[in-house]
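# Geometric and topological summary
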Amino acid sequence: MSDSSAAAEPVLLSEPSDVPWPAGGIVRAVRRRADLSQRELARWAGVHHATIGRIEAGRMVPSIVLLRRIIAVAGCRLAVVDEFGRVLKPMRDWQDTRNGAERRYPSHLDTILDPELGEWWADIYGLARPPETFYRNREVRDAMRRRSQWEVRVAQNRHLPPPSWPPRGVL
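In what follows, the accompanying structure is described. Fair warning: this is a prediction, and the values are worked out from it, not measured in the lab.

## Re a nonpolar patch on the surface
A cluster of nonpolar side chains, namely Trp121, Ile124, Tyr125 and Leu127, defines an oily patch on the protein surface of about 480 Å² accessible area. A residue is classified by how much of its surface remains accessible, and Ile124, at 71% relative accessible area, is exposed.

Below is the structure:
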């Protein structure tokens, strides 16, 4: 393998799943960055000093809320990253995209506002179309995402053929 191809390969940042989550190491790193003793960090975070000691010793796993307070002392924030280091951004909660019972639609589904005929899964049953809905068929959703990503990244995908639409055997 040449050096140029090795540089193009993504580097995995994750550890094996059997390695425990290092909350104690994170708190120690925060304390070092802030240059604080356990008591000082506890005072700034608004917790008892023994709590910091228990976390660092691995005898206590802090809640997300507590960990956020502790790391905020050093000006840090929690982030979720995938195995390649890309940050996962939280989904926004849009109040106008709830169903008739005021429940959110499932997070894994793409919401369709003002659906047209055939876009709602229950159109085939002749049911009244709601103001918003989603695609239940995973194959259709995934094909639509691939097509959308291909269309949005025109410069990158100019040399590639467009993804097939509609997905074979679906429509």
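And the narrative resumes.
## Some words on the pattern of salt bridges
If the charged atoms of two oppositely charged side chains come close together, the side chains can form a pair. Under the counting rule described, the total for this entry stands at two salt bridges. Notably, a salt bridge pairs Glu56 with Arg31, separated by 2.6 Å at the nearest N-O pair. One end of the pair, Glu56, is in helix H4 (residues 49–57); the other, Arg31, is in helix H2 (residues 23–34), with 25 residues separating them in the sequence. The pair Glu56 / Arg31 is uniform in exposure class, with both members buried. Arg86 is the partner of Asp82 in a salt bridge, and the nearest nitrogen-oxygen pair spans 2.7 Å. You can call Asp82 partly exposed: its relative accessible area is 24%.

About the criteria used
Residues numbered from 1 in each chain as written. Predicted model: local features only at pLDDT ≥ 70, side-chain atom pairs only at ≥ 80, totals over all residues. Heavy atoms only, no water. Patch = residues over 30% accessible without salt bridge, like charges linked within 9 Å, V, L, I, M, F, W, Y side chains within 5 Å. Areas by Shrake-Rupley, 256 points an atom, 1.4 Å probe, with all protein chains shown as cover. Salt bridge = Lys/Arg side-chain N within 4 Å of Asp/Glu carboxyl O. Buried < 20%, exposed > 50% of the residue type's maximum accessible area, 1.4 Å probe, protein only. Helix = DSSP H or I, 4+ residues; strand = E, 2+ residues; numbered from the N terminus.

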